[in-house]
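# Architecture and fold: a report
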Amino acid sequence: MAYAINDECISCGACEAECPVSAISAGDSKYVIDDATCIDCGACAGVCPVGAPNPQ
Ligand code: SF4
Ligand code: SF4
């Protein structure tokens, strides 16, 4: 299991610093999660202002 960031992302960057395994990085049009690295902790979802990260 991993989280993924949907198109609601406004690229604020808040989630990147919260990820304990550095799975989040800035993509072309939104931030993206490396699903092989994500440990499904949910920290990114907790800080996102628009609810973009969700479990897959
Ligand atoms: Fe990182 Fe946790 Fe979000 Fe996965 S769920 S991207 S491990 S903060
Ligand atoms: Fe995008 Fe939410 Fe992460 Fe901000 S916190 S970069 S809006 S996913």
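Above this text you will find the structure in question.
Report follows, based on the coordinates.

Definitions and cut-offs
- Residues numbered from 1 in each chain as written.
- Chains lettered and ligands numbered in written order.
- Predicted model: local features only at pLDDT ≥ 70, side-chain atom pairs only at ≥ 80, totals over all residues.
- Heavy atoms only, no water.
- Near = heavy atom within 4 Å.
- Nonpolar A, V, L, I, M, F, W, Y, C, P; charged D, E, K, R; others polar.
- Salt bridge = Lys/Arg side-chain N within 4 Å of Asp/Glu carboxyl O.
- Helix = DSSP H or I, 4+ residues; strand = E, 2+ residues; numbered from the N terminus.
- Buried < 20%, exposed > 50% of the residue type's maximum accessible area, 1.4 Å probe, protein only.

### Considerations on the site of ligand 1
As a matter of local geometry, ligand 1 sits amid 13 residues, with Cys19, Cys38, Cys41, Gly42 and Cys44 nearest to it. Among the residues making up the shell around ligand 1, the classes are represented as eleven nonpolar, one polar and one charged.

### Description of the pattern of salt bridges
Tallying each qualifying case throughout the model produces one salt bridge. For Lys30, the salt bridge goes to Asp7, with nearest N and O atoms at 3.4 Å. In this pair, Lys30 sits in the loop between strand S2 (24-26) and strand S3 (31-33) while Asp7 sits in the loop between strand S1 (3-5) and helix H1 (14-18), placing the two residues 23 residues apart along the sequence. Residue class for Lys30 comes out partly exposed when judged on its relative accessible area of 21%. For Asp7, a relative accessible area of 67% gives the class exposed.

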